[in-house]
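Listed here are the chains, written in short residue letters.
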Amino acid sequence: MAGAYDDRDGKIWMDGQLVEWRDANVHILTHAMHYASSVFEGERCYSGKIFKSREHSARLITSGNLIDFEIPYSVDEIEAAKQATLDANGLTDAYVRAVAWRGAGEDMGVASAKNPVHMAVACWEWGNYYGDAKMKGAKLDIAKWKRPSPETAPSQAKAAGLYMIATMSKHAAEAKGCSDAMMFDYRGYVAEATGANIFFVKDGEVHTPDADAFLNGITRQTVIGMLKEKVVTVHERVIMPEELEGFEQCWLTGTAAEVTPVGQIGDYNFEVGALTRDISESYEKLVRV
Ligand SMILES: Cc1ncc(COP(=O)(O)O)c(C=O)c1O
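Residues numbered from 1 in each chain as written. Predicted model: local features only at pLDDT ≥ 70, side-chain atom pairs only at ≥ 80, totals over all residues. Heavy atoms only, no water.

1. Looking at the overall build of the protein chain
Each helix and strand counted, the protein chain has seven helices and 15 strands in total. Against the compact-globule benchmark of 19 Å for 289 residues, the protein chain has a radius of gyration of 19 Å, which places it among compact chains. When the backbone C-alpha atoms are referred to their principal axes, the protein chain occupies close to 55 × 40 × 35 Å. A buried classification covers 50% of the 289 residues belonging to the protein chain. When the accessible surface of the protein chain is split by element, carbon and sulfur atoms take 52% of a total near 13,300 Å². (Helix = DSSP H or I, 4+ residues; strand = E, 2+ residues; numbered from the N terminus. Rg over C-alpha atoms; globule rule 2.2 N^0.38 Å. Buried < 20%, exposed > 50% of the residue type's maximum accessible area, 1.4 Å probe, protein only. Areas by Shrake-Rupley, 256 points an atom, 1.4 Å probe, with all protein chains shown as cover.)

In structure tokens, the structure reads:
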């Protein structure tokens, strides 16, 4: 399956029904299109099992609540919808995208309480998010946009509105030949990439920013657990930009990114070292258990 994402064969689950892929459409006056009233999940299914599936379904509901809407499905119902979509498309190894949004309705201003909340699930085959960076290390730009304060936007929501600056940052990075951009937060602290969390290694210990102004990723939490099991010291703390020079290794974590080594951020270089490889390989094994 390939081509534009709106022009493919297959089925998409929409509001309780499996519909033809090309018929999974919304009206132009959908509230989410105008005001970003949308939340989503990115998940990966490995050999027929979605990794941490229930956590993703629960986060989707929480994200909806954080931007002030109630998804009209329970975790169990979302689980069933995801499985039905995978089955309908005959996929066992796939990326799964669940999305919920305020639709068209009586409101067309900023308020949207009268508009119904919809949900859809699509899935497709998706390889490495950063292409061959998995082997040689991704090259990252440094974004000019900053992750907002949690008092400006609900940072723990996987909400469409938070991706506007991510998309602009990634476009700027790609224009410079980079795979992604590392973003600072509103205080100037190291935060994360546009769709993945970040880790650094120095003197055999791991350092990762406190997840207080960006999504505390399910993969991030998994990798911290793996490191602790391997008795590697992990420091979750404030990381200042000037510290980048002293780190030896770096990797990104995320459902799409999995564990992707980073070779360069701006002018700073990192080796794809033994701990990075070990964590990347251990993660690949864990998701397939
Ligand atoms: C902005 C952002 N940060 C972090 C992550 C990593 O989250 P997770 O590991 O739950 O996929 C993602 C991906 O979902 C993301 O989009």
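On we go.
2. Considering the site of the ligand
Around the ligand, 15 residues are found, and the nearest of them are Y163, E192, I218, T219 and T255. Contact distances for the ligand include 2.6 Å between a nitrogen atom and a side-chain N or O atom of E192. Within the side chain of T255, one N or O atom sits 2.6 Å away from an oxygen atom of the ligand. Here the ligand, which alone exposes 380 Å², has 96% of that area covered by the protein. A breakdown of the residues in the shell around the ligand according to their chemical character gives four nonpolar, seven polar and four charged. (Near = heavy atom within 4 Å. Polar contact = N/O pair within 3.5 Å; in protein donor to acceptor, adjacent residues only side chain to side chain. Nonpolar A, V, L, I, M, F, W, Y, C, P; charged D, E, K, R; others polar.)

3. What about the domain arrangement of the protein chain?
When the parts come together, some accessible area is lost, and that loss is often what is quoted as the size of the interface. When its domains are assigned, the protein chain resolves into domain 1 (11–124) and domain 2 (133–286). For domain 1 and domain 2, the distance between their C-alpha centres works out to 26 Å. Counting from both sides, the interface comprises 18 residues of domain 1 and, opposite them, 18 residues of domain 2. Of the roughly 1,500 Å² buried at the junction of domain 1 and domain 2 (both faces included), carbon and sulfur atoms supply 65%. (Domains from an automatic or database assignment. Contact = heavy atoms within 4.5 Å. Buried area = accessible area lost by both parts, 1.4 Å probe.)

4. What to know about the packing of helix 6 (residues 218–229) against helix 7 (residues 274–286)
Relative to each other, helix 6 and helix 7 sit at 110°, their axes nearing to 11 Å. Our classification of the angle between helix 6 and helix 7 gives roughly perpendicular. Read as a crossing pair, helix 6 and helix 7 show a hand that is right-handed. Facing T219, T222, V223, M226 and L227 of helix 6, the residues of helix 7 in contact are L275, I279, S282, Y283 and L286. In terms of residue class, the contact of helix 6 with helix 7 is made up of seven nonpolar, three polar and no charged. (Axes fitted to C-alpha atoms, helices over the stretch in contact; angles between N-to-C directions. Parallel < 35°, antiparallel > 145°, perpendicular 65-115°, else oblique. Left-handed = near helix turned anticlockwise from the far one by under 90°.)

5. Details of the packing of helix 2 (residues 53–66) against helix 3 (residues 75–88)
Where helix 2 meets helix 3, the closest approach of the two axes is 9 Å, and the angle between their N-to-C directions is 120°. With respect to helix 3, the axis of helix 2 lies oblique. The hand of the helix 2/helix 3 crossing is right-handed. Listed contacts from helix 3 to S53, R54, H56, S57, A58, L60 and I61 of helix 2 are V75, D76, I78, E79 and K82.

6. What to know about the nonpolar core
Of all hydrophobic cores here, the largest spans 26 residues; its most connected members are V39, L60, I71, L86, V96, M119 and V121. Put simply, the parts of the chain that give this core at least two residues each are strand 3 (38–46), helix 2, helix 3, strand 5 (94–102) and strand 6 (117–124). Built from parts of two domains, this core gets at least three residues from each of domain 1 (11–124) and domain 2 (133–286). Filtering out sequence-adjacent residues up to four positions away, V121 remains in contact with I12, W13, A81, K82, T85, V96, R97 and A98. Core analysis: the second largest hydrophobic core is formed by 20 residues, A133, F184, C250 and F270 among them. (Core = buried A, V, L, I, M, F, W, Y, C linked by side-chain atoms within 4.5 Å.)

7. Examining the pattern of salt bridges
Considering all chains together, one arrives at 16 salt bridges under this definition. The residue R44 makes a salt bridge to E258 at a minimum N-O spacing of 3.9 Å. Here R44 is found in strand 3, whereas its partner E258 is found in strand 14 (residues 258–265), with 214 residues between them in sequence. One exposure class covers both R44 and E258, and it is buried. Measuring nitrogen to oxygen at the nearest pair gives 3.3 Å for the salt bridge that ties K230 to D278. One end of the pair, K230, is in the loop between helix 6 and strand 12 (234–237); the other, D278, is in helix 7, with 48 residues separating them in the sequence. The class for K230 is partly exposed, based on a relative accessible area of 33%. Three or more residues are tied together by salt bridges with common partners; here these are D7, D9 and R22. (Salt bridge = Lys/Arg side-chain N within 4 Å of Asp/Glu carboxyl O.)

8. Observations regarding the sheet that holds strand 4 (residues 49–50)
Strand-to-strand pairing in sheets goes through backbone hydrogen bonds, with the strands running parallel or antiparallel. With respect to topology, six strands assemble into an open sheet ordered 2-1-6-5-3-4, the strand pairing being antiparallel. Of all the strands in the sheet, just strand 2 (17–20) and strand 4 have a single pairing partner and so form its edges. Summarising the sheet, strand 3 and strand 4 pair through two bridges and their orientation is antiparallel. The residue bridging Y46 from the neighbouring strand is K49, located in strand 4. Against the sheet, helix 2 contacts strand 3, strand 4, strand 5 and strand 6, and its axis sits at roughly 175° relative to strand 3. (Pairing = 2+ DSSP bridges.)

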